[in-house]
Number of protein chains: 4
Amino acid sequence: MLHFECDYTQGFEPKVMEALVKTNLEATSGYGLDPYCQKATEVLKQQAGEQIAVHYLVGGTQTNMIVINSLLHSYQGVISCESGHIHTHETGAVEYTGHKVLALAAHHGKLDPSEVRQYVDTCIHDPQFEHIVQPKMVYISQPTELGTMYTTDELVALRQICDDYDLYLFMDGARLGYGLAADTSLTLKDYVKYCDVFYIGLTKCGGGFGEAVVFKDETVCPHFRSYMKQGGAMLAKGRLLGVQALTLFENNHYQHICAHALKMADRIKNALKQSNIPVLIDSPTNQIFPIVTTAQREIIESKYVVSRWSDLDADRHVIRIVTSWGTREAAVDALVETIHSLNEQ
Amino acid sequence: MLHFECDYTQGFEPKVMEALVKTNLEATSGYGLDPYCQKATEVLKQQAGEQIAVHYLVGGTQTNMIVINSLLHSYQGVISCESGHIHTHETGAVEYTGHKVLALAAHHGKLDPSEVRQYVDTCIHDPQFEHIVQPKMVYISQPTELGTMYTTDELVALRQICDDYDLYLFMDGARLGYGLAADTSLTLKDYVKYCDVFYIGLTKCGGGFGEAVVFKDETVCPHFRSYMKQGGAMLAKGRLLGVQALTLFENNHYQHICAHALKMADRIKNALKQSNIPVLIDSPTNQIFPIVTTAQREIIESKYVVSRWSDLDADRHVIRIVTSWGTREAAVDALVETIHSLNEQ
Amino acid sequence: MLHFECDYTQGFEPKVMEALVKTNLEATSGYGLDPYCQKATEVLKQQAGEQIAVHYLVGGTQTNMIVINSLLHSYQGVISCESGHIHTHETGAVEYTGHKVLALAAHHGKLDPSEVRQYVDTCIHDPQFEHIVQPKMVYISQPTELGTMYTTDELVALRQICDDYDLYLFMDGARLGYGLAADTSLTLKDYVKYCDVFYIGLTKCGGGFGEAVVFKDETVCPHFRSYMKQGGAMLAKGRLLGVQALTLFENNHYQHICAHALKMADRIKNALKQSNIPVLIDSPTNQIFPIVTTAQREIIESKYVVSRWSDLDADRHVIRIVTSWGTREAAVDALVETIHSLNEQ
Amino acid sequence: MLHFECDYTQGFEPKVMEALVKTNLEATSGYGLDPYCQKATEVLKQQAGEQIAVHYLVGGTQTNMIVINSLLHSYQGVISCESGHIHTHETGAVEYTGHKVLALAAHHGKLDPSEVRQYVDTCIHDPQFEHIVQPKMVYISQPTELGTMYTTDELVALRQICDDYDLYLFMDGARLGYGLAADTSLTLKDYVKYCDVFYIGLTKCGGGFGEAVVFKDETVCPHFRSYMKQGGAMLAKGRLLGVQALTLFENNHYQHICAHALKMADRIKNALKQSNIPVLIDSPTNQIFPIVTTAQREIIESKYVVSRWSDLDADRHVIRIVTSWGTREAAVDALVETIHSLNEQ
């Protein structure tokens, strides 16, 4: 079986693994206070701005819950679209830390800035505002859970809302590497400009685990390390995160390997188009959502591991196909051939 | 500088690293549902009993907070001695999940079973028991934060209390590998017998990260995986934990490498004795707490990284020296020589 | 100005006040362990079933958050319709205790049982169920926030779902007195049969404060008093709750005084009908939601305090008019006259 | 049986009850936005300073947990002495909101300022401070749980520590009325000067329920009402708190009625002295802790309800005798006579 169900089926990207092996028996301080974390941060500062503050955590859900809790008071909530990961697939981690996720409609996996503005405005001006969770943060994913991307205009609009109402803009970048490769008009500097805090996912973009949290500057959350420790998110051997991050950030290595995934995805998208298989949504990144018949799904699932996403009706099913830095040409060759064969049926 | 400040300064024990390299590009399911986690659990079941349930988490604080929260209702608390890690060095992670740590006196880093019994009995029979946090769990570490070990008799006594009052016995085994190597009269099967849940630390005993949680059986916490996910503790590439655990558990590899650490520690302890340098506490494991003068500390700190533990008075300081699977003979040779030289002053 | 904005503008219903005065200087035990709480519970047991367990809390939000937290594990959530009080007007109190409110569509302020069934079924059978908050409770209000009532059929259907999936059915009865007066085919015994736990609001139905929580039987939540104390909800002079509850429960006094409110509401509803002023929703209880023009609203607001509910468009506004046990005939006479005058415009 | 077990056995002080009766059927806004709360606050501002911000809650545990949560970040803790109410008798309410109570030694129910300073200093300068709960608030009770009082010097010292380390000083004044009557050298203005926030208990000092929280000024916690609502502590008919507070605050009525309790307590203390019955602690307020033999306790308990506090040994028991605004001369006459009779045995 060839794996296309997600972008975290393999271990460390080879160059990352090589760096881990090379540094393995060195002795360093723990808890992220080692030279590798420091160097990775220096590299990132050169790319994104000297004033940023960077912290390394292990996983995405962990990062979401700790960042959100570190910035909100208990009566404040975080706006997310209904398909947002924090609202759907984190077993209520944010609520577990005491905060309500304020879910607004999802439009191709994205918030509509004008709906966000209206919602915030209503909450603040409600005569019973003290009875209502007050929004204090906007959570977005880039790319989204559906592989779509916020445009510069949308980010500008969300930033403006956050400025107008004194909210934080927090961007979940679990797959940001794929996003940076897909839309090169948006750079790390832009994300620093638009967001108060975001993270660059290592787990799905070349690392074995890890997420690099970037705060606009140190004043946003001066005691973030205390929140990390309290949340069980300060890795003892933090240098393992540093070594991975350093390898991936240097020369934008993570973006290059993510670009490979996009090429592989493009081939699959083209094959779908040629075979007249519709997709749920046009995604510029490494996630593809074909709508297939039951018969087609059976053929695909006989050879490939894919995700079942949803059912549109009894004979129309959305599946998810994902490529990654580790997706091999040969596997895509096979999948493309299979997709073409579907057309002949 | 030679490192003796803790047992997590290096990466993965070589054999573990080798296994990670070997399996690196295989594709597996995520979230701990991979063949390596499964095999590691099978090995552990052979050693500890077929009925156990095993889960793999990333770090110790994370494991403590999630295990405790998964078993207690919000009005229930966990008993720990005052030097317990959950009471002192986890930034209030347990309280963060809503539970009070009920701190009793520490005797060489351990709870006194008779004091535990008296405390629990008092809480339960207090006419105002509804105004008091009800103890529902006893938390111990084996070895303790001071390197000491609970004896079989003490474990039997604590188990009896837990049976009498319907409490959980939870054992933090962040350094259990060293404990198993130090007191071979207590085996994994014994710990399964005495505890409802405990964990075998990988981070400090050969892994780069990871803690293997062992429940007495599946009924203790059937939905533990939901708690893991909610707490941000379900590693996406869970197989990285499985590969490490499998390598360490097979043929008790972790105990063998921990035995090396004990040998190294013994040499240091002997050197201290020969140099008439007292220790805070007689520890049979890999942590040593010498009491040194300011002058002695300066000499040591000029060549070695050690931990400053506490000050007994202006000129008597407790330092902590720790060995690990990765401690080299040559480094110990040097340290022993330095210790001998202290005597001559 | 005459008050119609809510049903808690006045103090204690006169008979309740009389009882408080009469018992005021007696000395009793605190924390609900007094003879008045005991007697009130005995009266309620006679009416609702001997096996019930009853507790007295102070307010509605407090009761909701404590009942919910007392029955759910941290990874479990509570289903509510989108207009449910816990989802909209409690400043995230339920999330503050760590639980997600799982919001489903509201149909005239009510959950649709078939939608509940489908949602629960989907959550449980999701292959990624460990990543999803698991529903464990269904929260409803009777009457709802829109004054509507669940029918016996709907309650039977919800009970069946709860039985099928092992969920709790929790009914917020902040206005239950009005509900019992409005639909006499549903008695306390029925609510005990359908619900695992519900409460009879005192605050809005004759008391100055207080909510009487009724558990189906003692096994549902044996340690509820510990949760109360922990949540700051165990009133020191608990007998003040007991005296109120006793007065209101004896001879169903609260239902009689609520019936007065319904009569007053009916007069207002008739006047609206006669004046061709539409209502948002046909409510059989003491809340009325007329849709008025801006001009009409101005006239009403010049003489009466009412609530602004929502705006349908620039010139169509929903207001809320509420009657209570304390609403005077003369005030209703005036309001009816005003409503009639609106028609003439 | 005559009641001396606590100061909350009776209902409302007669003048307070009279005011409740008089205002009972008036209609006012809810949630503390009524004229009575407003007037009570105005009276308090005249006494304590125009810049204070005042909020009315229902009970002590509730107030403690909400004030503490409203001012601390999740990684911050609150210092209390070991006998502090939040540490011992609130079922872990503070931990339930996510914060650790940092317990220091109790000296006659009080914190020693020099020990507080040393503790805070150690926490802040610990090289592993990120692994330690950071103290951010000092919690004291005035009078304490043992009836003792902090002196002006002690309050000055605590204030200085809080200024030096940027901590909040929070004073639990559940019995402050008795404290103000006992030590008239400390006035409300002083408490505003020394504390960032404190409360004046109504429940035990003339009210049926209620605690008036006083913030030094509005900037200390601008969104306190949101925290109140979220914590289930915003009383719907808030004017019931306002009416009580107004009656008690006007002309310092609560202090006058508390002075009566002190006179009654003095008579009992004198009788104990005359009978050579020792007390656990010299308390200047309305709580008395005699040390009695088993035989003496039996005699007392045959006629009076008192609290059992602790056992010094098999035949020496500490009981607690409490007077209140409602304690009658005749009851004290009887108790004094009984105490004298003990001496003759």
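Residues numbered from 1 in each chain as written. Chains lettered and ligands numbered in written order. Predicted model: local features only at pLDDT ≥ 70, side-chain atom pairs only at ≥ 80, totals over all residues. Heavy atoms only, no water.

1. Remarks on the overall build of chain A
Of regular secondary structure, chain A possesses 14 helices and 13 strands. Here the C-alpha radius of gyration of chain A, 21 Å, is about what a compact globule of 345 residues would show, namely 20 Å. By its C-alpha atoms, chain A is 60 × 60 × 35 Å across when sized along the principal axes. Per-residue burial over chain A gives 65% buried out of 345 residues. Counted over contacts in chain A with a minimum sequence separation of 6, partners at least 24 positions apart contribute 73%. Charge centroids of chain A, computed over 28 positive and 41 negative side chains, lie 6 Å from each other. (Helix = DSSP H or I, 4+ residues; strand = E, 2+ residues; numbered from the N terminus. Rg over C-alpha atoms; globule rule 2.2 N^0.38 Å. Buried < 20%, exposed > 50% of the residue type's maximum accessible area, 1.4 Å probe, protein only. Contact = heavy atoms within 4.5 Å. Lys, Arg positive; Asp, Glu negative; His and termini not counted. Charge placed at Lys NZ, Arg CZ, Asp CG, Glu CD.)

2. Some remarks on the confidence of the model for chain A
Predicted coordinates in areas of low pLDDT are best not read in detail. Looking at chain A, the pLDDT average stands at 97 and 99% of residues meet or exceed 70. Under the prediction, the complex receives an ipTM of 0.96, its pTM being 0.97. (pLDDT = per-residue confidence, 0-100.)

3. Some details on the relation of the copies chain C and chain B
With an RMSD of 0.0 Å, the fit of chain C onto chain B corresponds to turning through 180 degrees and sliding 0.0 Å along the axis. Considering both components of the superposition, the chain copies are consistent with a two-fold axis. Among all residues of chain C, the minimum C-alpha distance to the rotation axis is found for C:H73, at 3.8 Å. An overlap of 100% is found between the interface residues of chain C and their copies at the interface of chain B, pointing to a shared contact surface. (Least-squares fit on C-alpha atoms with pLDDT ≥ 70 in both.)

4. Topic: the interface of chain C and chain D
On the chain D side, the residues contacting the 46 residues of chain C number 45 residues. Taking both sides of the interface into account, the surface hidden between chain C and chain D amounts to around 4,000 Å²; carbon and sulfur atoms contribute 58%. The largest per-residue losses of area from chain C upon contact with chain D belong to C:Y96, C:Q230 and C:K237, which jointly make up 18% of the total buried on that side. In this assembly, chain C and chain D are joined by zero salt bridges. Linking chain C with chain D are 25 residue pairs in polar contact (both at pLDDT 80 or more). Mapped onto the side of chain C that touches chain D, the elements with two or more residues apiece are α1 (14-23), α3 (60-71), α5 (93-96), α10 (224-230) and α11 (239-249) of chain C. Residue composition of the side of chain C that touches chain D, by class: 18 nonpolar, 21 polar and seven charged. (Buried area = accessible area lost by both parts, 1.4 Å probe. Salt bridge = Lys/Arg side-chain N within 4 Å of Asp/Glu carboxyl O. Polar contact = N/O pair within 3.5 Å; in protein donor to acceptor, adjacent residues only side chain to side chain. Nonpolar A, V, L, I, M, F, W, Y, C, P; charged D, E, K, R; others polar.)

5. With respect to the pairing of strand β8 (residues 211-215) of chain B
All names here are of chain B. Burial runs high along β8: five of the five residues are buried. Side-chain alternation along β8 places E211, V213 and F215 on one buried face and A212 and V214 on a second face that is also buried. Pairing between strand β2 (residues 53-57) and β8: five bridges, direction antiparallel. Residue pairing for β8: A53 is matched across the bridge by F215. (Pairing = 2+ DSSP bridges.)

6. Section: the sheet that holds strand β4 (residues 101-104) of chain C
By way of backbone hydrogen bonds, the strands of a sheet pair with one another, either parallel or antiparallel. Residues and elements named next belong to chain C. With mixed pairing, the seven strands of this open sheet are ordered in space as β2-β8-β7-β6-β5-β3-β4. A single partner strand is all that each edge strand has here, and the edge strands are β2 (53-57) and β4. Taken pair by pair, the neighbouring strands of this sheet meet at an average axis angle of 25 degrees, ignoring direction. With two bridges connecting them, strand β6 (residues 168-172) and strand β7 (residues 197-201) associate as parallel partners. Looking at β7, one finds that F170 is bridged to V197. Where helix α2 (residues 35-48) meets the sheet, it contacts β2, β7 and β8 (211-215), and its direction lies at approximately 130 degrees from that of β2. (Axes fitted to C-alpha atoms, helices over the stretch in contact; angles between N-to-C directions.)

7. Brief notes about the domain arrangement of chain A
Residue and element names in this part refer to chain A. Structurally, chain A comprises domain 1 (2-7 + 254-344) and domain 2 (26-251). Placing a centre on the C-alpha atoms of domain 1 and another on those of domain 2 gives a separation of 28 Å. At the junction of the two partners, domain 1 supplies 23 residues and domain 2 supplies 24 residues. Between domain 1 and domain 2 the total buried area reaches about 1,800 Å² when both faces are included, carbon and sulfur atoms providing 63% of it. (Domains from an automatic or database assignment.)

8. Digging into the sheet that holds β2(B)
All names here are of chain B. Strand order in the open sheet made by the seven strands is β2-β8-β7-β6-β5-β3-β4, with mixed pairing throughout. Among the strands making up the open sheet, the edge pair consists of β2 and β4 (101-104). Taken over all neighbouring pairs, the strand axes of this sheet differ in orientation by 25 degrees on average, direction set aside.

9. Section: the pattern of salt bridges
All chains considered together, the criterion is met by 56 salt bridges over all chains. In this structure, B:E95 engages D:K100 in a salt bridge whose closest nitrogen and oxygen atoms are separated by 2.5 Å. Taken together, the residues B:E95 in helix α5 (residues 93-96) and D:K100 in the loop between α5 (93-96) and β4 (101-104) connect one chain to another. Residue D:K110 pairs with D:E154 through a salt bridge whose shortest N-O separation is 3.0 Å. Taken together, the residues D:K110 in the loop between β4 and α6 (113-125) and D:E154 in helix α7 (residues 152-165) connect sequence positions 44 residues apart. Taking the relative accessible area as the measure of exposure, D:K110 reaches 12% and is therefore buried.

10. Structural notes on helix α3 (residues 60-71) of chain B
Residues and elements named next belong to chain B. Compared with the 16 Å implied by 1.5 Å per residue over 12 residues, the 17 Å span of α3 between its first and last C-alpha is a close match. With respect to burial, α3 is a largely interior element, 11 of its 12 residues being buried. Here α3 has its buried residues at T61, Q62, T63, N64, M65, I66, V67, I68, N69, S70 and L71. (Expected span 1.5 Å × (residues − 1).)

11. Focus on unusual backbone geometry
Among all residues save glycine, negative phi is the norm, and among peptide bonds the norm is trans. Along the chain, A:Q142 connects to A:P143 via a cis peptide bond; the corresponding omega equals -10 degrees. Mapped onto the elements of the fold, A:P143 is located in the loop between β5 (134-141) and α7 (152-165). Phi is positive for D:H108, which is not a glycine, with a value near 55 degrees. With respect to the secondary-structure elements, D:H108 resides in the loop between β4 and α6. D:H108 gets classed as exposed once you look at its relative accessible area, which sits at 54%.

12. Overview of the relation of the copies chain C and chain D
With an RMSD of 0.0 Å, the operation that places chain C on chain D is a rotation of 180 degrees combined with a shift of 0.0 Å along the axis. Comparing contact sets, 98% of the residues at the interface of chain C also lie at the interface in chain D, consistent with an isologous, same-surface contact.

13. Concerning the interface of chain C and chain B
Taken residue by residue, the interface counts 16 residues in chain C and 16 residues in chain B. Looking only at chain C, the three residues that lose the most surface to chain B are C:Y75, C:E130 and C:H131, adding up to 37% of its buried area. Along the contact surface separating chain C from chain B lie two salt bridges. Counting across the chain C and chain B interface gives nine residue pairs in polar contact (both at pLDDT 80 or more). Ranked by residues supplied to the side of chain C that touches chain B, first place goes to α10(C) with five residues. Here the side of chain C that touches chain B is built from residues that sort into four nonpolar, nine polar and three charged.

14. Details of α7(A)
Given 3.6 residues to a turn, an α-helix orients residues that are three or four positions apart in the same direction. End to end, α7(A) covers 20 Å across 14 residues, agreeing with the expected 20 Å (1.5 Å per residue, within 8%). Residues of α7(A) that are buried in the fold lie against α6 (113-125), β5, β6 (168-172) and α9 (188-194) of chain A.

15. Some remarks on the side chain of C:T97
Summarising the element assignment, C:T97 is placed in the loop between α5 and β4. For C:T97, a relative accessible area of 12% puts it in the buried group. Setting aside residues up to four positions removed in sequence, C:T97 forms contacts with C:M65, C:N69 and D:Y96.

16. Examining the environment of D:V78
All names here are of chain D. Relative to the helices and strands, V78 is located in strand β3 (residues 76-81). The exposure class assigned to V78 is buried, which follows from its relative accessible area of 0%. For the pair V78 and G49, spaced 29 residues apart in sequence, the C-alpha separation works out to 27 Å. Those residues in contact with V78 that lie beyond four places of it in its chain are I68, L72, I86, V94, K100, V101, L102, M137 and Y139.

17. With respect to the packing of helix α1 (residues 14-23) of chain B against helix α11 (residues 239-249) of chain B
Residue and element names in this part refer to chain B. For the pair α1 and α11, the least separation of the axes is 9 Å and the interaxial angle reads 135 degrees. Considered as vectors, α1 and α11 are oriented oblique to each other. For the pair α1 and α11, the sense of crossing is right-handed. Between α1 and α11, the contacting residues are K15, V16, A19, L20 and T23 on the first element and R239, L240, V243, Q244, T247 and L248 on the second. Within the contact of α1 with α11, the residues separate by chemical class into six nonpolar, three polar and two charged. (Parallel < 35°, antiparallel > 145°, perpendicular 65-115°, else oblique. Left-handed = near helix turned anticlockwise from the far one by under 90°.)

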